[in-house]
There are 4 protein chains.
Amino acid sequence: MIRLAIHLALDYEVREPGSHFIFNIHAAHTERQRVLQEHLDLNQGVPWRVDTDPATLNRILRVSPGPGPLRLRYAATIELDHHVAQPAAIPEVPIAQLPTHVLPSLYPSRYCPSDRLLRLALQEFGHQVPGYARVQGVRDWVLRRTTFKSNTSTGTTSALDTLLDTVGVCRDFAHLMIALCRAINVPARFTTGIDYGADPALGPTDFHAYVEAYLGGRWYIFDPSGTAIPMGFVRFGTGRDAADVAFATIFGDVLAGAPRIQIEVLPDDQGRLVMPWHCPEALSTDA
Amino acid sequence: MIRLAIHLALDYEVREPGSHFIFNIHAAHTERQRVLQEHLDLNQGVPWRVDTDPATLNRILRVSPGPGPLRLRYAATIELDHHVAQPAAIPEVPIAQLPTHVLPSLYPSRYCPSDRLLRLALQEFGHQVPGYARVQGVRDWVLRRTTFKSNTSTGTTSALDTLLDTVGVCRDFAHLMIALCRAINVPARFTTGIDYGADPALGPTDFHAYVEAYLGGRWYIFDPSGTAIPMGFVRFGTGRDAADVAFATIFGDVLAGAPRIQIEVLPDDQGRLVMPWHCPEALSTDA
Amino acid sequence: MIRLAIHLALDYEVREPGSHFIFNIHAAHTERQRVLQEHLDLNQGVPWRVDTDPATLNRILRVSPGPGPLRLRYAATIELDHHVAQPAAIPEVPIAQLPTHVLPSLYPSRYCPSDRLLRLALQEFGHQVPGYARVQGVRDWVLRRTTFKSNTSTGTTSALDTLLDTVGVCRDFAHLMIALCRAINVPARFTTGIDYGADPALGPTDFHAYVEAYLGGRWYIFDPSGTAIPMGFVRFGTGRDAADVAFATIFGDVLAGAPRIQIEVLPDDQGRLVMPWHCPEALSTDA
Amino acid sequence: MIRLAIHLALDYEVREPGSHFIFNIHAAHTERQRVLQEHLDLNQGVPWRVDTDPATLNRILRVSPGPGPLRLRYAATIELDHHVAQPAAIPEVPIAQLPTHVLPSLYPSRYCPSDRLLRLALQEFGHQVPGYARVQGVRDWVLRRTTFKSNTSTGTTSALDTLLDTVGVCRDFAHLMIALCRAINVPARFTTGIDYGADPALGPTDFHAYVEAYLGGRWYIFDPSGTAIPMGFVRFGTGRDAADVAFATIFGDVLAGAPRIQIEVLPDDQGRLVMPWHCPEALSTDA
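Residues numbered from 1 in each chain as written. Chains lettered and ligands numbered in written order. Predicted model: local features only at pLDDT ≥ 70, side-chain atom pairs only at ≥ 80, totals over all residues.

(A) Representation of the overall build of chain A within the structure. Helix and strand counts for chain A stand at 4 helices and 17 strands. Relative to the compact-globule value of 19 Å for 287 residues, chain A shows a C-alpha radius of gyration of 19 Å, a close match. With respect to the principal axes defined by its C-alpha atoms, chain A has extents near 60 × 45 × 40 Å. A buried classification covers 48% of the 287 residues belonging to chain A. (Helix = DSSP H or I, 4+ residues; strand = E, 2+ residues; numbered from the N terminus. Rg over C-alpha atoms; globule rule 2.2 N^0.38 Å. Buried ≥ 20, exposed ≤ 12 C-beta atoms within 10 Å, placed from the backbone.)

Spelled out as structure tokens, the structure:
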């Protein structure tokens with residue numbers, strides 16, 4: 001079990017009345033990710049509420065500030081008790097046996113138009129043995145063909161663009177991997193959060209986007225960016241793609257500061273500091 | 001109240017083992033659409049089950065036939081007790097007041113990439129008074145700019161294509177209207193079903209796709225195809241777009257026959273035959 | 001007759017050997033645009049040559065500098081003796097009567113994929129009387145639907161993007177107008193140069209892109225940007241679209257400074273200063 | 001030297017006055033392709049003329065029939081005296097040394113948007129030694145990743161679509177190869193004609209599209225379709241892509257029959273029958 005403390009500081013200058021923020025910055029409650037404690041603080045008087053989306057169980061913070069500064073602080077202590085499995089023992093799930101609630105992760109979405117990649121995915125991955133290793137192969141394929149480069153993609157960049165452009169950021173790599181997985185009938189979804197141990201060469205700790213694929217009856221974590229340690233991921237939300245789980249969707253004339261994010265390992269109940277490491281096993285925090 | 005009897009006959013030739021069908025052909029249970037009785041019949045021995053999707057409440061039929069003919073018959077008696085409202089009295093809902101479960105209908109999706117149409121939609125509809133009439137204006141705009149023409153679109157045709165091509169079928173017109181609505185912050189979703197009173201010039205009764213937009217705290221029905229009578233729509237499913245609610249998603253080597261669909265008006269409890277008509281009021285069957 | 005003096009100063013820092021520049025910054029020689037004198041100056045020792053492209057008659061400057069600074073100065077005195085015609089007297093040319101050398105301006109190109117706009121163009125312009133006024137109508141349509149905004153488009157932005165995005169710069173508006181013209185069988189080409197009298201609100205004098213459409217047996221000038229005075233255009237090159245006539249195509253690791261451009265009206269042989277003005281007549285400098 | 005006789009029969013039913021045909025079905029006159037004799041026959045009274053396009057030297061047949069049947073017969077005897085070279089001896093031409101008239105074959109075009117493939121091409125081919133073998137490697141790459149399948153592409157299918165879809169016909173493979181060549185700064189153009197020895201499994205002899213790349217100061221022939229014998233190609237036209245050299249561009253309401261094409265080897269002056277064969281050398285018919 002890994003215990004992590006996270007702190008988020010988000011600052012905005014709201015410049016018109018009627019502005020509205022939809023945040024997804026609360027740590028998710030999942031089978032294997034427990035929120036031991038958390039605290040949300042907004043500057044005085046700003047009305048807000050937290051809802052749980054019925055489809056994704058994402059925790060959605062709605063904020064309706066008036067003009068002026070908006071200061072948001074979120075702190076939480078998280079315990080990760082990963083389901084750990086041997087890759088070789090994890091099968092793909094035949095479509096006929098996929099639970100109905102998993103099916104939407106099989107369909108094309110805004111940034112993951114898997115319907116356009118059916119033949120290409122079949123050509124690249126169709127002859128490989130189904131199972132975790134094949135999906136890891138999709139992840140490796142994406143990592144091999146893409147290069148991390150800031151500011152090379154925009155809010156309209158889809159997996160097809162990333163395939164052609166061969167550059168992007170974590171969000172783009174996740175979209176491409178998801179589209180390819182769906183094209184070979186493996187349910188895959190977009191997951192956001194923050195990660196302990198991100199490559200410092202990429203700048204200060206930031207939000208992260210990665211992939212969960214449904215294999216062997218669970219959602220397993222994959223990181224096609226190759227820049228992070230999956231064992232250190234704290235999940236905020238999941239969705240079809242980035243359209244569903246932006247950390248902040250903002251309506252109105254708002255000036256945003258750079259988010260400041262901290263994450264650190266805490267001692268567990270026995271006083272041990274368990275650090276995330278690059279392990280060869282498959283990891284999952286959600287059934 | 002309108003009472004309708006529907007009959008669906010779907011025939012397939014399954015040509016390989018391991019095939020799987022995901023159908024969405026069950027009439028939805030909604031606040032104002034009651035399924036008085038229904039009956040599903042598949043040829044002998046084929047395993048199937050019906051699940052309800054937690055996000056959409058769509059009823060999903062899963063069928064795993066072996067090789068050979070698959071014959072599906074579905075019959076239902078439906079009662080529609082529309083919520084009827086005066087268009088002038090129906091406001092748009094400010095984003096801050098939209099329920100969280102409605103938000104996904106605001107985000108771009110595979111066939112409705114509203115993020116690409118923000119400026120165009122603002123230019124066309126931004127200066128109009130918010131409310132039902134503005135959304136009806138979007139519907140009229142789509143109807144005016146598009147022409148019904150069979151076989152002009154494919155499974156990859158998006159709202160952007162339809163905007164450029166100016167032709168399509170009901171599915172395409174729905175996608176375009178939905179994308180434009182989302183671009184002006186009106187939640188809109190793709191709805192499928194069948195309709196009483198379709199224009200016979202368009203061929204035999206077929207599945208239909210239309211739009212529901214969230215206004216005044218309810219989902220109101222819009223038909224950008226202009227070929228049908230909204231009061232006669234029986235809803236099967238809703239979703240972000242056609243990716244979510246195909247009437248049949250088929251995995252495996254399968255030969256499909258043309259669906260045969262019948263719909264007729266039945267006498268209600270008082271023995272009256274109430275026929276759908278083109279009414280000027282706004283109609284809704286779901287809150 | 002209008003006499004103009006132009007001065008261009010282009011400065012680069014070449015950072016690797018083997019770099020190469022393809023410039024199109026020489027004033028064109030056309031029926032109605034005479035280059036009275038010109039002078040090209042490059043810093044010492046840099047090899048260069050000027051060729052004339054056989055298809056477009058564009059004058060192409062090829063420069064192969066070594067590492068270090070590249071300084072280019074071009075000065076010319078130009079005389080414009082416009083062919084001036086009454087719009088109402090200018091017909092479209094039936095396809096059967098179009099000269100063969102004009103046909104490429106009818107075909108789709110990289111940034112002007114007119115094949116995608118056939119129906120839309122027919123719907124918008126198909127019922128108008130063929131002639132100059134119809135083409136001016138296309139120009140007005142583009143101007144009405146687009147907004148000038150720097151840095152909203154990139155090197156991959158096509159006319160379809162501009163149609164959807166409704167923003168861009170002169171290059172984008174030209175591409176959209178050209179694509180629409182070709183879609184209604186009016187040959188149209190992309191023209192680059194500089195312009196006297198550009199709107200000072202848009203910044204210092206810069207390169208300009210506009211449209212020439214083939215009507216009544218000549219190439220007439222159209223400015224869908226609406227920011228310039230067509231009578232003050234000095235033409236450098238023409239092509240299918242911006243792919244053909246970049247003012248500079250650079251191969252190698254090169255740092256570019258901002259171009260500095262000056263244009264002024266000179267007295268003609270009779271000592272008169274004739275200034276370009278917004279005239280209602282149709283203008284052409286090329287047959 | 002190879003001597004070939006070709007016969008084309010094209011039949012149309014013209015259904016409205018004012019129709020116009022732009023054909024490119026005349027064998028090209030090139031350095032190494034001689035037209036020994038040719039004969040064009042149209043049904044009585046139809047006005048026509050043949051022009052030579054100044055940029056491409058394509059021979060363009062313009063026909064303006066009235067309503068009724070249009071019957072076109074073209075027969076020619078062609079002599080091919082290929083320039084034959086050892087692949088290992090053929091270098092790429094540095095950009096600085098490319099003739100100006102070759103530059104348009106370096107720029108992106110409608111169906112070959114090479115600007116979108118710069119990184120991907122660099123990643124795949126950037127580390128290979130420049131020269132004929134690298135370009136042949138591009139050809140092999142395309143052949144390996146695509147599958148011939150009739151009716152999978154349309155008039156709007158670009159090289160990007162073909163890269164994603166992995167299927168197409170000869171035109172599509174040529175577009176993809178051209179786009180990749182331009183992306184690594186190798187001039188490449190689209191060439192049309194007919195071929196002796198086409199794979200009979202693909203149906204009756206049809207028009208063919210292939211690629212010419214500019215290497216070692218000449219245009220060398222490449223066939224990314226892999227279905228034909230390059231030594232048996234008779235060239236009609238060249239252009240940026242299929243937008244420039246359709247064998248028939250038709251304006252008006254016209255019903256087209258299937259083209260009937262025959263090609264056979266004739267004895268040369270010494271009475272020998274020299275048959276095209278798959279040779280390992282590089283072939284060119286044009287400087």
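(B) Broad picture of the domain arrangement of chain A. Residue and element names in this part refer to chain A. Once the domains are mapped, chain A shows domain 1 (2–81 + 247–266) and domain 2 (83–245). The gap between the C-alpha centroids of domain 1 and domain 2 is 24 Å. Listed by contribution, the elements that provide at least two residues to the side of domain 1 that touches domain 2 are β1 (2–14) and β16 (260–266). With 4 residues, β16 is the single largest residue contributor to the side of domain 1 that touches domain 2. In the side of domain 1 that touches domain 2, the residues fall into 11 nonpolar, 7 polar and 1 charged. (Domains from an automatic or database assignment. Nonpolar A, V, L, I, M, F, W, Y, C, P; charged D, E, K, R; others polar.)

(C) Broad picture of the sheet that holds strand β14 (residues 248–251) of chain A. All names here are of chain A. Ordered in space as β4-β5-β2-β14, the 4 strands form an open sheet in which the pairing is antiparallel. Of all strands in the sheet, those with a lone pairing partner are β4 (48–52) and β14, marking the two edges. When the angles between neighbouring strand axes are averaged without regard to direction, this sheet yields 15°. (Pairing = 2+ DSSP bridges. Axes fitted to C-alpha atoms, helices over the stretch in contact; angles between N-to-C directions.)

(D) Region of the structure containing the packing of helix α2 (residues 132–145) of chain B against helix α4 (residues 170–183) of chain B. Residue and element names in this part refer to chain B. Relative to each other, α2 and α4 sit at 140°, their axes nearing to 9 Å. By the criterion of interaxial angle, the relationship of α2 to α4 is oblique. Considering how the two elements wind past one another, α2 and α4 form a crossing that is right-handed. Where α2 approaches α4, its residues Val135, Val138, Arg139 and Val142 are matched on the opposing element by Phe173, Leu176, Met177, Leu180 and Cys181. Here the residues of the contact of α2 with α4 sort into 8 nonpolar, no polar and 1 charged. (Parallel < 35°, antiparallel > 145°, perpendicular 65-115°, else oblique. Left-handed = near helix turned anticlockwise from the far one by under 90°. Contact = placed C-beta atoms within 7 Å.)

(E) Local environment of the interface of chain A and chain B. Facing 28 residues of chain A, the contacting portion of chain B comprises 27 residues. Within the residue set of the side of chain A that touches chain B, elements represented by two or more residues are β2 (20–23) and β5 (59–63) of chain A.

(F) Here's a closer look at the relation of the copies chain C and chain D. Its rotation angle being 180°, the transformation that places chain C on chain D also includes 0.0 Å of axial translation and leaves an RMSD of 0.0 Å. Classification of the inter-copy transformation places it as that of a two-fold axis. Distance from the rotation axis, computed per C-alpha, reaches its smallest value in chain C at C:Arg110: 1.9 Å. Most of the interface of chain C is mirrored in chain D, where 100% of its interface residues again form contacts. (Least-squares fit on C-alpha atoms with pLDDT ≥ 70 in both.)

(G) Representation of the interface of chain C and chain D. Facing 27 residues of chain C, the contacting portion of chain D comprises 27 residues. Those elements giving two or more residues to the side of chain C that touches chain D turn out to be β2 (20–23) and β5 (59–63) of chain C. Classifying every residue of the side of chain C that touches chain D by side-chain character gives 13 nonpolar, 7 polar and 7 charged.

(H) View of helix α4 (residues 170–183) of chain D. Residue and element names in this part refer to chain D. Taking 1.5 Å of rise per residue, the 14 residues of α4 would be expected to cover 20 Å, and the 20 Å separating its terminal C-alpha atoms lies within 8% of that figure. In terms of residue burial, α4 counts as a mostly covered element, since 14 of its 14 residues are buried. At the exit of α4 stands Asn185, carrying a positive phi of roughly 70°. (Expected span 1.5 Å × (residues − 1).)

(I) A look at the relation of the copies chain A and chain B. The two copies are related by a screw motion: chain A maps onto chain B through a turn of 180° and a shift of 0.0 Å along the axis, at an RMSD of 0.0 Å. Take the interface residues of chain A: 96% of them recur as interface residues in chain B, which is what a same-surface contact looks like.

(J) Fine view of the arrangement of the chains. Chain C makes no contact with chain A, the minimum C-alpha separation between the two being 12 Å. Chain D makes no contact with chain B, the minimum C-alpha separation between the two being 12 Å.

(K) Region of interest: the sheet that holds strand β14 (residues 248–251) of chain D. All names here are of chain D. On the basis of which strands lie adjacent, the open sheet formed by 4 strands has the order β4-β5-β2-β14 and antiparallel pairing. The open sheet is flanked by β4 (48–52) and β14, the only strands paired with a single partner. The mean inter-strand angle of the sheet, taken between neighbouring strand axes irrespective of direction, is 15°. Looking at chain direction, strand β2 (residues 20–23) and β14 are connected through 4 bridges and run antiparallel.

(L) Representation of the confidence of the model for chain A in the model. With 100% of its residues at a pLDDT of 70 or more, chain A has an overall mean of 95. For this predicted complex, the interface score ipTM comes out at 0.96, alongside a pTM of 0.95. (pLDDT = per-residue confidence, 0-100.)

(M) Layout of the pairing of strand β5 (residues 59–63) of chain B. Residues and elements named next belong to chain B. With 5 of 5 residues buried, β5 is to be regarded as a mostly interior element. Sheet topology note: the strand β2 (residues 20–23)/β5 ladder contains 3 bridges and is antiparallel. Pairing of Ile22 across the sheet is with Arg62, part of β5. Here strand β4 (residues 48–52) runs beside β5; their pairing, made up of 5 bridges, is antiparallel. Paired with Trp48 across the bridge in β5 is Val63. Counted between consecutive antiparallel strands, the loop separating β4 from β5 contains 6 residues, among which Leu57 sits at a positive phi close to 65°.

(N) Fine view of the environment of B:His82. Residues and elements named next belong to chain B. Among the secondary structure elements, His82 is positioned in the loop between β6 (68–80) and β7 (83–85). When the C-alpha atoms of His82 and Glu31 are compared, they prove to be 9.1 Å apart, with 51 residues separating the residues in sequence. The residues contacting His82, other than those within four sequence positions of it, are Arg32, Met231, Leu283, Ser284 and Thr285.

(O) Expanded view of the environment of B:Ser150. Following the sequence through the fold, B:Ser150 ends up in the loop between β8 (147–148) and α3 (159–165). Expressed as a C-alpha distance, the spacing of B:Ser150 and B:Ala242, which sit 92 residues apart in the sequence, is 17 Å.

(P) Local environment of unusual backbone geometry. Residues and elements named next belong to chain B. Look at Leu57: it is not a glycine, yet its phi comes out positive at around 65°. With respect to the secondary-structure elements, Leu57 resides in the loop between β4 and β5. On the basis of neighbour count, Leu57 is assigned to the partly exposed category, with 14 C-beta atoms found within 10 Å.

(Q) Spotlight on the environment of A:Ile261. By the element assignment, A:Ile261 lies in strand β16. Taking the C-alpha atoms as reference points, A:Ile261 and A:Gly239, separated by 22 residues in sequence, lie 22 Å from one another.

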